[in-house]
Amino acid sequence: MKKLTLILSLTAFLSGCHQKTADGSSIGGNVLNINPDKAIDLTDISIGSDTLHLQGTMQPGAILRSRLVNDSLYILDPIKARGLFVFDTDGKFLTTIGKIGSGPEELMDFTDFDVDESGILILDNISRKINRYSKDGEYISSIPTEPMTMNIASDNDGGLWMDRGNVTTFKSDSLEWKLSYQTTTDRNIVLTVPTRLEGITISPRSNFCKYDGSVIAYMPSMEPVIHTLKDGRITESLTIDFEKYWPDDDFFKKYSKADIYTIVNTLSGEDYVMNLSFVENEKWTVIDFSIKDDYFIFIAKKDKSGEYLIKSSKNDAVGYPMLLNNDDLWVATPDDGIIRIFNLKKP
């Protein structure tokens, strides 16, 4: 396995802060400072990687969300090929899960998915349901969901985390939640939609990252923060400080009545962070984002022994992070069925 041959110690300050949940409780956390002005250009470093070629005639047209569970690679493509594809770790195609249709066992949309000990969950936002399948792809049951549920994650206790961005279209007390936790007996609202973000939903590629058995990391739409979820609650938070590159409250006040397309175009045309997303495991946190025509990947060891911030043009980007497997970062290359694998350990 070739290694990423860059070691760069950037300034990452950790300081105490607190946030409020839906029930008013205070959550302790840290602040991570990322200064895009201090990024090193991709052309100034040497990067080596292994490659994984997806094989077979059945392939996703776009890699949006993915999970590596045991020896199975699950890839969700809700846009082009519209399906959940399963490969082995050599890239050999194994099967697809779920079928397009309007029947109870079928799906009209592949919005999100998760894999747990009992099977596979696929969210269908159009039909407002989650279908559960066995690992062999056999339909088991359906769970109804609230309108505009966008992302899901199941935990080892049988609970289900659901995210619906900053949607407030329905103006109902039961629907103005951002993050909820559902068990077989009840549903608790964990986070509500901040007033300044009502109706502004620009989600990460995947809001949830699950690792180490029972730990789930969560990045809310349009908020530079990573929450740790456990036992049906937020246990800690990491706030990301992009300094002048993140829109402040004045920006959101100015565009509070604007449509989402105007907001996206304004953010894209000015020096603001866009397309913010992340992947995480017990060892690493990887954050990627863009500013105008530049693309950034920030890589940090959780023991604080090293951080990397790499910049490239969007056209020259190595791809976008799709998952972490121990010390390996898997990066998706758009539209060509190739996954690049970078080892993040120090040379």
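Predicted, not measured: the structure shown is a model, and the values here were computed from it.

1. A few points about the overall build of the protein chain
- From N to C terminus, the protein chain includes 2 helices and 27 strands.
- Counting across all 347 residues of the protein chain, residues that qualify as buried make up 54%.
- Put simply, 48% of the contacts in the protein chain that link residues at least 6 apart link residues at least 24 apart.
- When the accessible surface of the protein chain is totalled, it reaches about 15900 Å², and 46% of it is carbon and sulfur.

2. Things to note about the sheet that holds strand β4 (residues 50-53)
- The strand order β4-β27-β26-β25 describes an open sheet built from 4 strands, whose pairing is antiparallel. The open sheet is flanked by β4 and β25 (320-325), the only strands paired with a single partner. For this sheet, the mean inter-axis angle between neighbouring strands, taken without regard to orientation, is 30°.

3. Here we look at unusual backbone geometry
- Phi at asparagine 70 takes a positive value of approximately 55°, unusual for a residue other than glycine.
- When you line up the elements, asparagine 70 lands in the loop between β5 (65-69) and β6 (72-77).
- Located in the positive-phi region is arginine 82, a residue other than glycine, with phi close to 55°.
- The exposure class assigned to arginine 82 is partly exposed, which follows from its relative accessible area of 34%.

4. A closer look at the confidence of the model for the protein chain
- Here the protein chain averages 86 in pLDDT, while 88% of its residues score no lower than 70.
- Counted against residues more than four places away or in other chains, residues 1-18, with its pLDDT under 50, gives 64 contacts.

5. Quick notes on the pattern of salt bridges
- Across all of its chains, the model carries 12 salt bridges by this definition.
- For aspartate 249, the salt bridge identified is with arginine 196, shortest N-O distance 3.4 Å. Taken together, the residues aspartate 249 in helix α1 (residues 249-254) and arginine 196 in the loop between β16 (187-192) and β17 (208-211) connect sequence positions 53 residues apart.
- In this structure aspartate 249 comes out as partly exposed when scored by relative accessible area, which is 45%.
- Salt-bridge contacts for arginine 205 lead to aspartate 288; the nearest nitrogen and oxygen are separated by 2.9 Å. Taken together, the positions of arginine 205 in the loop between β16 and β17 and aspartate 288 in strand β22 (residues 284-291) put the pair 83 residues apart, joining distant regions of the chain.

6. Re helix α2 (residues 260-269)
- Residues of α2 that are buried: Ile263, Thr266 and Leu267. Taken around the axis of α2, the buried residues stretch over an arc of 95°, which confines them to a single face. α2 presents Tyr261 and Asn265 as exposed residues on the side facing more than 90 degrees away from its buried surface.
- Buried positions along α2 lie against α1 and β21 (274-280).
- Its side-chain oxygen at 3.0 Å from the backbone nitrogen of tyrosine 261, aspartate 259 defines the N-terminal cap of α2.

7. Some details on the pairing of β6
- For β6, a buried count of 6 out of 6 residues is recorded, marking the element as mostly surrounded by other parts of the structure.
- In β6, alternate side chains face the same way, and those of Ser72, Tyr74 and Leu76 on one face and Leu73, Ile75 and Asp77 on the other are all buried.
- Of the pairings in the sheet, the one linking β5 to β6 comprises 5 bridges and is antiparallel in character. Each residue of the ladder has a partner; that of arginine 67, found in β6, is tyrosine 74.
- The turn joining β5 and β6, which pair antiparallel and follow one another in sequence, is formed by 2 residues; a positive phi near 55° is taken by asparagine 70.
- Direction of pairing for β6 relative to strand β7 (residues 83-88): antiparallel, over a ladder of 6 bridges. Of the residues in β7, the one forming a bridge with tyrosine 74 is valine 86.
- Turn length for the β6-β7 hairpin, with the two strands adjacent in sequence and antiparallel, is 5 residues, and the turn residue arginine 82 shows positive phi of about 55°.

8. Some thoughts on the pairing of β16
- Pairing analysis gives 5 bridges linking strand β15 (residues 177-182) to β16, with the strands arranged antiparallel. Each residue of the ladder has a partner; that of serine 180, found in β16, is isoleucine 189.

Conventions used here
- Residues numbered from 1 in each chain as written.
- Predicted model: local features only at pLDDT ≥ 70, side-chain atom pairs only at ≥ 80, totals over all residues.
- Heavy atoms only, no water.
- Helix = DSSP H or I, 4+ residues; strand = E, 2+ residues; numbered from the N terminus.
- Buried < 20%, exposed > 50% of the residue type's maximum accessible area, 1.4 Å probe, protein only.
- Contact = heavy atoms within 4.5 Å.
- Areas by Shrake-Rupley, 256 points an atom, 1.4 Å probe, with all protein chains shown as cover.
- Pairing = 2+ DSSP bridges.
- Axes fitted to C-alpha atoms, helices over the stretch in contact; angles between N-to-C directions.
- pLDDT = per-residue confidence, 0-100.
- Salt bridge = Lys/Arg side-chain N within 4 Å of Asp/Glu carboxyl O.
- Arc of directions from axis to C-beta.
- Polar contact = N/O pair within 3.5 Å; in protein donor to acceptor, adjacent residues only side chain to side chain.

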